[in-house]
Number of protein chains: 2
Amino acid sequence: MNRKNFEKVFPFWPELTGKQQEEIINSATVNICEKKTRLHFGGGECAGVQIIVAGRTRVFITSPGGGDITLFRLIEGDVSILSAACMLNGLDIELDMEMETDTELYTIPKQVYKKLYDESPAVKDYTLEMISEKFSDIMWLFNQFVFSNVASRIAGALLEHRGLDGSDELKITHEEIARDAGTAREVVTRILKQFQTDGLVGLGRGKVTVLDAAGLGRI
Amino acid sequence: MNRKNFEKVFPFWPELTGKQQEEIINSATVNICEKKTRLHFGGGECAGVQIIVAGRTRVFITSPGGGDITLFRLIEGDVSILSAACMLNGLDIELDMEMETDTELYTIPKQVYKKLYDESPAVKDYTLEMISEKFSDIMWLFNQFVFSNVASRIAGALLEHRGLDGSDELKITHEEIARDAGTAREVVTRILKQFQTDGLVGLGRGKVTVLDAAGLGRI
């Protein structure tokens, strides 16, 4: 457990007493989750506040039918406040998390975080701000879903992966794109073919090559 | 301005000092907004915390193309915390509000509420809880939109109006149902005809009569 990781991610760290800092450091657990590990939060069950120390994870919602839709990703240095949702009055949401790479997580137990939350106005402010940010992100996504068409969501998903991978050559299946864009695999296949015809992407086995990022951005 | 209205809606009221209570009472404004009045919140512009003293209002998001989708309704005794969104760090959302009846609103100016928020842990807790509730509601709605089909959303919208009006006979246009269900008017018309064939509703000029609420609930 590295104190530096807490200092780096929590803006309220300097406002805590030495005792409070020790409480966090001593109670937090380290987990190395293998790629594809899944966690579920909701219905009164949650882990606590999590810090992504290394790796990448996808947070999503699932349908009763088994489909799923990506809400956002967390990368190194991100704090997952919704992993502690059950700790917060009024916050009643169901979420899943899946590690997209082997991921190192610190977890602050919910009782420990709740105590700090009750003791420290700075922790309260931080918590409200983090919840507000996620609320805003999801409102934005909601807008995208209800008002923007599937082609632009697929273009957006391709550009997001291009940013994450730092490469034009994306090792990604149509299934994965479908989950990010909240549509069916068949729809992705059809629209990618259209993008190929338009010279926006090149298609290969298990990969999509972005040929015209600016063009995708305009969709 | 009636002190009772504040006592009734704010669980933190007894925890405020007399001076803080006076600040709220003296700074709040009363507005009678006529039916169809619209307010917009977002982009750094907001009103403050609002209390619906009488009437009914609809909160929704709009598309660049002019469509809109109902997020929730507020009725007598409800507090609209998102009317003060611009006051909260990290909360960056665009919302519209439309009065569905003549509506009496109390508005607590954002500076006054922000001061109380900074002074009182009880006000902080209340604010986080209210934001969390709205976040949860919207997550639920998001789930409905992405995973449930249009017919069940229309059935849900009809049952909601039945609850609001306390009657099986709903004076409502296909246009209004379309906004609540987030779809096009033509789709509503087609599905309502299907519902009529199935004996779930009766259709008349500018009204829909719920004949089988349990049947609608099962969709």
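Cut-offs applied
- Residues numbered from 1 in each chain as written.
- Chains lettered and ligands numbered in written order.
- Predicted model: local features only at pLDDT ≥ 70, side-chain atom pairs only at ≥ 80, totals over all residues.
- Heavy atoms only, no water.
- Contact = heavy atoms within 4.5 Å.
- Buried area = accessible area lost by both parts, 1.4 Å probe.
- Salt bridge = Lys/Arg side-chain N within 4 Å of Asp/Glu carboxyl O.
- Polar contact = N/O pair within 3.5 Å; in protein donor to acceptor, adjacent residues only side chain to side chain.
- Helix = DSSP H or I, 4+ residues; strand = E, 2+ residues; numbered from the N terminus.
- Nonpolar A, V, L, I, M, F, W, Y, C, P; charged D, E, K, R; others polar.
- Pairing = 2+ DSSP bridges.
- Axes fitted to C-alpha atoms, helices over the stretch in contact; angles between N-to-C directions.
- pLDDT = per-residue confidence, 0-100.
- Buried < 20%, exposed > 50% of the residue type's maximum accessible area, 1.4 Å probe, protein only.

## Things to note about the interface of chain B and chain A
How big an interface is tends to be stated in terms of the accessible area lost upon association of its parts.
Okay, so step 1: Each partner contributes residues to the interface: chain B has 36 residues there, and chain A has 36 residues.
Okay, so step 2: It is Leu128(B), Phe135(B) and Phe142(B) that lose the most area in chain B upon contact with chain A, and together they represent 24% of the buried surface on that side.
Okay, so step 3: Inspection of the chain B/chain A interface yields two salt bridges.
Okay, so step 4: With its nearest N and O atoms 3.2 Å apart, the salt bridge here joins Asp125(A) to Lys124(B).
Okay, so step 5: If you look at where chain B meets chain A, you find eight residue pairs in polar contact (both at pLDDT 80 or more).
Okay, so step 6: For the side of chain B that touches chain A, the secondary structure elements donating two or more residues are strand E4 (56–62), strand E5 (68–75) and helix H4 (121–147) of chain B.
Okay, so step 7: Tallying contributions element by element places H4(B) first for the side of chain B that touches chain A, with 20 residues.
Okay, so step 8: Residues belonging to the side of chain B that touches chain A are distributed by class as follows: 20 nonpolar, nine polar and seven charged.

## A short note on the sheet that holds E4(B)
Okay, so step 1: Overall, antiparallel pairing links the four strands, which are arranged E2-E7-E4-E5 (chain B) in an open sheet. Among the strands making up the open sheet, the edge pair consists of strand E2 (38–41) and E5 of chain B. Looking at each pair of strands side by side, their axes are set apart by 25° on average, direction ignored.
Okay, so step 2: Two elements, E4(B) and strand E7 (residues 95–99) of chain B, share four bridges in a ladder whose sense is antiparallel. Bridged to Thr57(B) within E7(B) is Met99(B).
Okay, so step 3: Helix H4 (residues 121–147) of chain A contacts E4, E5 and E7 of chain B of the sheet and is inclined by roughly 75° relative to E4(B).

## What about the confidence of the model for chain A?
Okay, so step 1: With 99% of its residues at a pLDDT of 70 or more, chain A has an overall mean of 91.
Okay, so step 2: Among the prediction metrics, the complex's ipTM stands at 0.79, with pTM recorded as 0.80.

## Notes on the sheet that holds strand E3 (residues 48–54) of chain B
Strands in a sheet are paired, the pairing made by backbone hydrogen bonds, and the direction either parallel or antiparallel.
Residue and element names in this part refer to chain B.
Okay, so step 1: Reading across the sheet, the four strands line up as E1-E8-E3-E6 and stay open at both edges, with antiparallel pairing between neighbours. In this open sheet, the two strands that pair with only one neighbour each are strand E1 (29–33) and strand E6 (79–80).
Okay, so step 2: Where E1 lies against strand E8 (residues 103–109), five bridges are found, and the strand directions are antiparallel. For Ile32, the partnering residue across the bridge sits in E8 and is Glu104.
Okay, so step 3: The strands touched by helix H3 (residues 110–119) are E3 and E8; relative to E8, the strand with the most contacts, the crossing angle is about 55°.

## Here's the deal with the pattern of salt bridges
Residue and element names in this part refer to chain B.
Okay, so step 1: Counted according to the given criterion, the structure contains 36 salt bridges over all chains.
Okay, so step 2: The salt bridge involving Asp180 is made with Arg73; its shortest N-O contact spans 3.0 Å. Note that Asp180 is positioned in helix H6 (residues 174–181) and Arg73 in strand E5, a separation of 107 residues in sequence. Like Asp180, the residue Arg73 is buried in the burial classification.
Okay, so step 3: A salt bridge links Asp118 to Lys114; the shortest N-O distance between them is 3.3 Å.

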